[in-house]
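Listed below are the residues making up each chain.
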Amino acid sequence: MPGDPMGFGESGQRKQIMETRYFDGRAVATQMREQLATTIRQQVLQRTTPPGLAVILVGDDPASDIYVRQKRKAAEAVGMQSWEYRLNASVTTDEVVDLVKTLNHQPNVHGILVQLPLPNHIGREPVIEAIDPLKDVDGLTRVNQGALMKNQPGLRPCTPSGIIALLKHYGVNLEGRRAAVIGRSTLVGLPISLMLMQQQATVTMIHSHTQNPKELCRTADLVIVAAGRPRLVTREWIRPGAIVVDVGIHRLPEGLCGDVAADEMDGYAGALTPVPGGVGPMTIAALLQNTWQAYASQVAQ
Ligand code: NAD
């Protein structure tokens, strides 16, 4: 159908069996990272300090450990400096806040990321709010979340930015489209719903208290699933031909899976982001872009 390259819209309603397109987040993220590496090589040459990213990891959650290593490796591969601060799970909120404040004052650190989730006894809000908004590369401080709400410049949360970049790459036109977002966290669900609205989509938010979530979800051309529930979203939730973005990532004994029953989407959804290789690499690419943005705003001052 001309003008509807993704096969959603009318074509989606007519056909029950179709070829599902897989949005290759790994490939798109690689392109973004290569472009950024070139920019850094060209622009940092004149300066003494490259962009620097500090990552704080509290405790020894194995999944967080993997994410932190991936982020540091990716940062170094594009020519950034990176530092890792590993704190014992028994530290106090004040100790984490003190570390953040120390890093706020280090001129070679341009981005600070506190790997979430934090252990239960640590106050997430005091830690996040201690981050200098200019260095808040996860876009979680109230300054940056407020800027997002007002559609003003600022650092945006990485996963939603990565999703928008992926949709853009595949030519998904969001204007006037119906989107459903499952989940309302400040990390993913809430910011992606605002960003989709800013791209002129009509957004329905679905969360754990929503009544008739499947019926609501089936009205959408685009579904973003960030519920943190393995294989929650089955065919019953999805209109044939819809685009499905699976944010979830779960390490189960039988292997990795997302929040979407991916096997049910093949030949049914118009497009799907795979797990792994979909949203995850885009999140890291967006983090690197945020670190570059943070660097540019600090070295220009
Ligand atoms: P969260 O637990 O903070 O939020 C989950 C949201 O889902 C809540 O708003 C809740 O109301 C909603 N929800 C839970 N069960 C539901 C249900 N049955 N029906 C409808 N809504 C429901 O999680 P989060 O931080 O937003 O992360 C969501 C998932 O995405 C997790 O699996 C997380 O690991 C993953 N994640 C992946 C990346 C990535 O880069 N791929 C980044 C961030 C998060």
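Before reading on, note that the structure itself is shown above.
This one's a predicted model, so the numbers in the text were calculated from it and none came from an experiment.

**Q** Where do I start with the sheet that holds strand β7 (residues 222-225) in this structure?
**A** Remark on secondary structure: sheet strands pair via backbone hydrogen bonds, oriented parallel or antiparallel. One open sheet holds the six strands; their spatial order is β1-β11-β8-β7-β5-β6, and the pairing between them is parallel. Each of the sheet's edge strands pairs with one partner strand only, and the pair in question is β1 (21-22) and β6 (202-206). Sheet topology note: the β7/strand β8 (residues 243-246) ladder contains four bridges and is parallel. Residue Leu222 lies in a different strand from β8, and its bridge partner there is Ile243. Strands β5 (178-182), β6 and β7 of the sheet are contacted by helix α8 (residues 189-198), whose axis makes an angle of about 165° with β6.

**Q** How should I be thinking about the sheet that holds strand β3 (residues 81-87) in this particular structure?
**A** Across the sheet, three strands lie side by side as β3-β2-β4; this open sheet has parallel pairing. The sheet terminates laterally at β3 and β4 (111-114), the two strands that pair on one side only. Direction aside, neighbouring strands of the sheet carry axes that sit 15° apart on average. Bridge analysis of strand β2 (residues 52-58) against β3 gives seven bridges, and the strand direction is parallel. Within β3, the position partnered with Gly52 by the bridge is Gln81. Packing of helix α3 (residues 62-77) onto the sheet brings it into contact with β2, β3 and β4, and relative to β3 it is tilted by some 160°. Helix α4 (residues 93-104) contacts β2, β3 and β4 of the sheet and is inclined by roughly 175° relative to β2.

**Q** Just checking my understanding: could you explain the site of the ligand for this structure?
**A** With respect to spatial proximity, 21 residues lie near the ligand, and among them Arg184, Ser185, Ser208, Val247 and Thr283 are the closest. Within the contact set of the ligand, an oxygen atom lies 3.5 Å away from a backbone nitrogen or oxygen of Ala227. One nitrogen or oxygen atom from the side chain of Thr283 is found 2.9 Å from an oxygen atom belonging to the ligand. For the ligand, whose free accessible area comes to 860 Å², the fraction covered by protein is 73%. When residues in the shell around the ligand are grouped by element, the largest group, three residues, is from helix α11 (residues 279-299).

**Q** It is not clear to me how the pattern of salt bridges should be interpreted in this structure. Could you clarify?
**A** If charged atoms from side chains of opposite charge come close, those side chains can pair. Enumeration over the complete set of coordinates arrives at nine salt bridges. For Arg72, the salt bridge goes to Glu76, with nearest N and O atoms at 3.3 Å. On the criterion of helical spacing, the pair formed by Arg72 and Glu76 is a turn pair, its members being four residues apart in helix α3. Residue Glu76 is classed as partly exposed on the basis of its relative accessible area of 41%. Salt bridges sharing common partners tie together Asp65, Arg69, Arg72, Glu76, Glu84 and Arg86.

**Q** Could you clarify how one ought to interpret the nonpolar core in this entry?
**A** A general feature of soluble globular proteins is that nonpolar side chains tend to end up buried together. Counting 30 residues, the largest nonpolar core has Leu167, Leu196, Leu222, Ile224 and Val245 as its most contacted members. The element that contributes the greatest number of residues to this core is helix α7 (residues 158-169), accounting for four residues. Not counting residues within four places of it along the chain, the set of residues in contact with Leu222 comprises Leu167, Leu174, Arg178, Ala179, Ala180, Leu196, Ile243 and Val245. Within the second largest apolar cluster, 23 residues are counted, among which are Val44, Val78, Leu287 and Leu288.

**Q** Can you walk me through α7 in this structure?
**A** Working note: α-helix, 3.6 residues per turn, so residues spaced by three or four point in the same direction. Across its 12 residues, α7 extends 16 Å between first and last C-alpha, which sits within 8% of the 16 Å expected from 1.5 Å per residue. With nine of its 12 residues buried, α7 lies for the most part within the structure. Of the surrounding elements, those touching the buried residues of α7 are α2 (25-44), α8, β7, β8 and α11. Just downstream of α7 lies Gly171, where phi reads positive at about 70°.

Calculation rules
Residues numbered from 1 in each chain as written. Predicted model: local features only at pLDDT ≥ 70, side-chain atom pairs only at ≥ 80, totals over all residues. Heavy atoms only, no water. Pairing = 2+ DSSP bridges. Helix = DSSP H or I, 4+ residues; strand = E, 2+ residues; numbered from the N terminus. Contact = heavy atoms within 4.5 Å. Axes fitted to C-alpha atoms, helices over the stretch in contact; angles between N-to-C directions. Near = heavy atom within 4 Å. Polar contact = N/O pair within 3.5 Å; in protein donor to acceptor, adjacent residues only side chain to side chain. Areas by Shrake-Rupley, 256 points an atom, 1.4 Å probe, with all protein chains shown as cover. Salt bridge = Lys/Arg side-chain N within 4 Å of Asp/Glu carboxyl O. Buried < 20%, exposed > 50% of the residue type's maximum accessible area, 1.4 Å probe, protein only. Core = buried A, V, L, I, M, F, W, Y, C linked by side-chain atoms within 4.5 Å. Expected span 1.5 Å × (residues − 1).

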